[in-house]
Structures are given as structure tokens and as C-alpha cells.
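Understanding the architecture of this molecule
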Amino acid sequence: IPQVLAAVYLGVVHQSGTVSVMSYLESQASSASAQQLSKFKVLYLMPCHSTPYFSHLHHNISMQFLTCPPLLSGRTEDAVFLEDPNAWLMANFAVPSTAQNPSHVVLFDVLLPRVHHWLDLFRYRQCASFFHTHFPDGRVGGEVLVFCSNSSNT
């Protein structure tokens, strides 16, 4: 019986937030109008390969995530991001409320203290959160958070 309980916990509960967030985004995209869907852009500020992306989100929307291949500097984009998240965000999204900015930002709760200034400046509000694990570790937090642009209707 202990193995069954462990299997159920590890298979259904533990690290489930990254799949739950994709179901949420799928639901939001499905209920969006064609005009809203054209503005639906998701930015994932998570370690590489944290979510299942298009295998769960079956819409032609823009999704950007931190990449893992080494840049010319020899470092990865996610390593550069982690050195100074606000500087990276300002370099990539310099002007609040423009069409190029993401409509949704997805991140683990442990990153929030490091990016809340940018989220506030760009007028994002938390629109969803999902349990991920009872055992947060390093860059992987206990919850997956979704922030929505105030100009986004989704």
C-alpha cells in the first residue's frame, strides 16, 4: 500500500502545476475571440523544458521561453536571465503596454520577488496560480503563477 500511495502522489499531485497551467491557457485561448487570440502571447520565465507547450495548448499562439542552447558568450539565455531578471526583461520588453509584450507571463513563485518590479511597471496582475509541489527546490517553486496584462481580456 505505501508504494501505491507514493505512485498516486508522484503521478497525480507532485509537479502537476506545469501541466495545470497549460490546461488553463488552453481554456483561455479556446474562449478567446479571434481578435483576442491574435494578441495572445505567453512568456514562460521558467527553467528550460518546464512545461509541455504545444502538446497541451492546441492553438496557433505566440509562446516564448528561456532557451537552453549556449549563446555566443557560452552561457545560456536562462543563465543570463537569472543574473538580472529585471534587466533582461527591460532589454527584451522595453515599453509597457505595447503589442509586442506578452499577454500572459508564467513563472514559478520563487522567481516573483525578483521580477515583481517589472510586472508592476508593465501592469500585469496575477490571474491564476497552480499547486506544483510540496518540495520546492532551487528555481522550481511550490506554485506556478500566471500574470495577465491589464490590456489583455483573457
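**A look at the packing of aromatic side chains**
- By the definition in use, this model includes six aromatic pairs.
- Seen from their ring centres, F93 and W118 are 6.0 Å apart, and the 55 degrees between their planes marks the pair as tilted. You can see F93 sitting in the loop between α5 (85–92) and β3 (104–108) and its partner W118 sitting in helix α6 (residues 112–121), a full 25 residues away along the chain. Comparing F93 with W118 shows no difference in burial state: the two are buried.
- Chaining the aromatic ring pairs together yields one cluster made of F81, W88, F93, W118, F122 and Y124.

**Considering the pattern of salt bridges**
- Counted by the stated rule, this structure contains two salt bridges.
- A salt bridge links R75 to E83; its shortest N-O distance comes to 2.6 Å.
- In this structure, the salt-bridge partner of D78 is R139, at a minimum N-O distance of 3.3 Å. Residue D78 is located in helix α4 (residues 77–83), and its partner R139 is located in the loop between β4 (124–131) and β5 (143–149); the two are separated by 61 residues in the primary sequence.

**Details of the nonpolar core**
- Counting residues in hydrophobic clusters, the biggest one holds 20 residues, and the most contacted among them are L25, Y44 and V106.
- When contributions to this core are tallied by element, the ones reaching two or more residues are α2 (17–31), β1 (41–45), β3, β4 and β5.
- Counting residues per element, this core draws most heavily on α2, at five residues.
- With sequence-adjacent residues up to four places away left out, V106 is seen in contact with V21, L25, V42, L43, Y44, L45, M46, V144, L145 and V146.
- The next biggest cluster of nonpolar side chains, apart from the first, holds 17 residues, and it includes W88, L89, V115 and W118.

**Points about the environment of K39**
- Assignment of secondary structure puts K39 in the loop between α3 (34–38) and β1.
- Separated by 64 residues in sequence, K39 and S103 place their C-alpha atoms 6.9 Å apart.

**Observations concerning the sheet that holds β1**
- Pairing within the open sheet is mixed, and its five strands lie in the order β2-β1-β3-β5-β4. Two strands lie at the open edges of the sheet, namely β2 (62–65) and β4, each paired on one side alone. Going across the sheet, the axis of each strand differs from the next one's by a mean of 20 degrees, ignoring polarity.
- Judged from the five bridges that link them, β3 and β5 form a sheet pairing that is antiparallel. Looking across to β5, one finds that V105 is bridged to F147.
- Running at roughly 130 degrees to β4, α2 makes contact with β1, β2, β3, β4 and β5 of the sheet.

**Observations concerning α2**
- Its 15 residues give α2 an end-to-end C-alpha distance of 21 Å, which sits within 8% of 21 Å, the value for a rise of 1.5 Å per residue.
- Regarding α2, the residues found buried are G17, T18, V21, M22, Y24, L25, E26, Q28 and A29.
- Structurally, α2 contributes buried residues whose contacts are with α3, β1, β2, β3, β4 and β5.

The rules behind each value
Residues numbered from 1 in each chain as written. Predicted model: local features only at pLDDT ≥ 70, side-chain atom pairs only at ≥ 80, totals over all residues. Heavy atoms only, no water. Phe/Tyr/Trp six-rings, centres within 6.5 Å; stacked < 30°, edge-to-face > 60°. Helix = DSSP H or I, 4+ residues; strand = E, 2+ residues; numbered from the N terminus. Buried < 20%, exposed > 50% of the residue type's maximum accessible area, 1.4 Å probe, protein only. Salt bridge = Lys/Arg side-chain N within 4 Å of Asp/Glu carboxyl O. Core = buried A, V, L, I, M, F, W, Y, C linked by side-chain atoms within 4.5 Å. Contact = heavy atoms within 4.5 Å. Pairing = 2+ DSSP bridges. Axes fitted to C-alpha atoms, helices over the stretch in contact; angles between N-to-C directions. Expected span 1.5 Å × (residues − 1).

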